[in-house]
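The lines below spell out each chain.
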Amino acid sequence: MAKIGRNDPCPCGSGKKYKNCCLRRDGARRVRESAWRQGERATADKLLAFAQSSSFYRQLTVASDLFWNGHYGSEGPEALHREEAARFLDWFICDYRLERTRQRVIDLYLEESGTHLLPSEREQVSTWQDSYLSLYRILGPVQQGVLSVEDALQGGQEVVSDEGLGAQSQSDDLIVGRILCSSDPPHFSWGAILLPAEMGAGLVCFVQQAYGQYCEARARATWPTFLSNNGYIFNHYLLKSAASSGSARHASRGYYDASGTVERLREVEKQLRERAARQRAEQPVDEEARALLRQTRGGILLPRHAQYNDSGESRG
Ligand SMILES: [Zn+2]
């Protein structure tokens, strides 16, 4: 969906030129949008800082293992590109259930800073709390930067604003993201990614199968609770399909491609194994020193399925 020129026919279908029809209204919307985006970015920065504070280090390791499907735990998050780290943190903050308490980072953030938050910040945070990752199929543009999308799992249509995705995408493309209702129209959160239409069938089937299993174990299961608890499932499919298809197929067209990330994480994993093997060969570490090492490195050197006997998630 290319950028609309002033003299192009207006996308609203009126038959008039864009400059004589919706151009002015779109401009006003963009001004409003940039104002709330600025506010949202400030809140997001605070949340990101909170999520990366030392009290969550061990939980970040456990969560990373879950998000990257077991293969890429350990130092994975630090090896990621900025956008990939942001996408992981978006899920970690909003969806990941901390061990023992089952609370989310965003719940703790609201508990700890609730009284200091402005009403607008509080609203943003509660919008994030209510959101979940899902899969959307693009039906088409409504205005410039505003898309009509269909929920590919639950059905139903929504109108969502996203300047970036609007410019890059075409009809039938897919978006994995969380829709936030703190704006009018709602918008996608920062971790949203664009996928080619042909990934739809496989991805929907994969998620539906997991949902079926989830429902068998729970009488009152719903799509929102399933997706809120299992948002990493989209990433699992993307990793699986990147690992089996090999090289980057779609990256040039602005589509998300996990294969670069898979390679980076594998490389980190390999380096870690080699380093651990070297250390073992050079100087056997005594148990006390090993325990110390675990603490200073935020759990990074813990074996994958170790018991995490820490207070990392309880924050004091
Ligand atoms: Zn118009």
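Residues numbered from 1 in each chain as written. Predicted model: local features only at pLDDT ≥ 70, side-chain atom pairs only at ≥ 80, totals over all residues. Heavy atoms only, no water.

### Regarding the overall build of the chain
Piece 1. Counting its secondary structure elements, the chain contains twelve helices and six strands.
Piece 2. Here the chain, with 316 residues, has 49% of them falling under the buried criterion.
Piece 3. Here the contacts in the chain between residues at least 6 apart in sequence split such that 60% fall between residues at least 24 apart.
Piece 4. Accessible surface, the chain: about 16,600 Å² in total, of which carbon and sulfur atoms supply 49%. (Helix = DSSP H or I, 4+ residues; strand = E, 2+ residues; numbered from the N terminus. Buried < 20%, exposed > 50% of the residue type's maximum accessible area, 1.4 Å probe, protein only. Contact = heavy atoms within 4.5 Å. Areas by Shrake-Rupley, 256 points an atom, 1.4 Å probe, with all protein chains shown as cover.)

### Digging into the coordination of the zinc ion
Ideal geometry at a metal centre gives angles of 109.5 degrees when four donors are arranged tetrahedrally and 90 or 180 degrees when six donors are arranged octahedrally.
Piece 1. Taken together, the protein donors to the zinc ion comprise C10 (SG), C12 (SG), C21 (SG) and C22 (SG), at separations of 2.2 to 2.3 Å.
Piece 2. Relative to the metal, the four donor atoms surrounding the zinc ion lie at angles of 104 to 114°, and the coordination shape comes out tetrahedral.
Piece 3. Sequence positions of the residues that donate to the zinc ion give the spacing C-x1-C-x8-C-C. (Donors = N, O, S within 2.8 Å, 3.2 Å for Na, K, Ca; no water. Tetrahedral: all angles 85-135°; square planar, octahedral: opposite > 155°, others 65-115°.)

### As for the layout of surface pockets
Piece 1. Of the voids in this model, the largest pocket is the one considered here, and its volume is about 1,000 Å³.
Piece 2. What lines the largest pocket is a set of 33 residues, and nearest its centre among them are E83, A86, W190, G191 and A192.
Piece 3. Contributing elements (two or more residues each) for the lining of the largest pocket: α1 (23-51), α4 (82-94), α7 (163-168), β6 (193-195) and α11 (259-282).
Piece 4. Take the lining of the largest pocket: its biggest share by element is seven residues, from α1.
Piece 5. Grouping the amino acids of the lining of the largest pocket by side-chain chemistry returns 13 nonpolar, nine polar and eleven charged. (1 Å grid on protein atoms, 1.4 Å probe; cavity = no way out; pocket = protein on both sides within 12 Å on 5 of 7 lines; lining within 4 Å. Points joined across faces, edges and corners; volume = space filled by probe spheres on them. Nonpolar A, V, L, I, M, F, W, Y, C, P; charged D, E, K, R; others polar.)

### Description of the packing of α1 against helix α6 (residues 119-130)
Piece 1. Contact geometry of α1 with α6 gives a least axis separation of 10 Å together with a crossing angle of 70°. Our classification of the angle between α1 and α6 gives roughly perpendicular. Note on element contacts: α6 touches α1 through E121, Q124, V125 and W128, opposite W36, G39, E40, T43, A44, K46 and L47.
Piece 2. Considering only residue class, the contact of α1 with α6 consists of five nonpolar, three polar and three charged. (Axes fitted to C-alpha atoms, helices over the stretch in contact; angles between N-to-C directions. Parallel < 35°, antiparallel > 145°, perpendicular 65-115°, else oblique.)

### Brief notes about unusual backbone geometry
If a residue is not glycine, its phi is most likely negative; likewise, a peptide bond is most likely trans.
Piece 1. Cis geometry is found at the peptide bond from D184 to P185, where omega equals -5°.
Piece 2. Of note, P185 is situated in the loop between β4 (174-180) and β5 (187-188).
Piece 3. A positive phi angle, near 70°, is found at R100, a position not held by glycine.
Piece 4. We classify R100 as exposed; its relative accessible area is 58%.

### Digging into α6
Piece 1. Over its twelve residues, α6 runs 17 Å from end to end, which matches the ideal 16 Å to within 8%, given 1.5 Å per residue.
Piece 2. Residues of α6 that are buried include every one of E121, Q124, V125, T127, W128 and Q129, and no others.
Piece 3. Those residues of α6 hidden inside the fold are in contact with α1, α4, α5 (105-113) and β4. (Expected span 1.5 Å × (residues − 1).)

### Notes on the nonpolar core
Piece 1. With 61 residues, the main nonpolar core has F88, W91, F92, L135, L195, F226 and F234 as its most contacted residues.
Piece 2. Here the element with the most residues in this core is α4; it accounts for seven residues.
Piece 3. Once residues lying within four places of it in the same chain are set aside, the contact partners of L195 are D173, L174, V176, L203, L238, Y255 and Y256.
Piece 4. Counting twelve residues, the second largest nonpolar core, distinct from the first, contains V149, V160, F188 and L194. (Core = buried A, V, L, I, M, F, W, Y, C linked by side-chain atoms within 4.5 Å.)

### So, empty space enclosed by the protein
In this approach a probe as big as a water molecule rolls over the atoms, and the regions it shows empty are the leftover space.
Piece 1. Tallied over the entire structure, the rule returns two cavities of 30 Å³ or more.
Piece 2. In this structure, the second largest cavity encloses a volume near 80 Å³.
Piece 3. Lining the second largest cavity are F67, R87, D90, W91, L133, V176, G191, I193, G231, F234, N235 and L238.
Piece 4. Elements with a minimum of two residues in the lining of the second largest cavity: α4 and α10 (233-245).
Piece 5. Of the residues assigned to the lining of the second largest cavity, the class counts are seven nonpolar, three polar and two charged.

### Observations concerning the packing of α5 against α6
Piece 1. Taken N-terminus to C-terminus, the directions of α5 and α6 make an angle of 155°; their axes are 10 Å apart at the nearest point. The orientation of α5 relative to α6 falls into the category roughly antiparallel. For the pair α5 and α6, the sense of crossing is left-handed. The segment α5 lies against α6, with I106, D107, Y109 and L110 engaging R122, V125, W128 and Q129. (Left-handed = near helix turned anticlockwise from the far one by under 90°.)

### Focus on the pattern of salt bridges
Piece 1. Tallying each qualifying case throughout the model produces ten salt bridges.
Piece 2. Here R87 ties to E84 by a salt bridge, and the two come within 2.9 Å at their closest N and O atoms. Here R87 pairs with E84, and both are found in helix α4, just three residues apart, close to one helical turn. As far as the burial class goes, R87 and E84 line up, both buried.
Piece 3. Each of R29, E33 and R37 takes part in one network of salt bridges that share partners. (Salt bridge = Lys/Arg side-chain N within 4 Å of Asp/Glu carboxyl O.)

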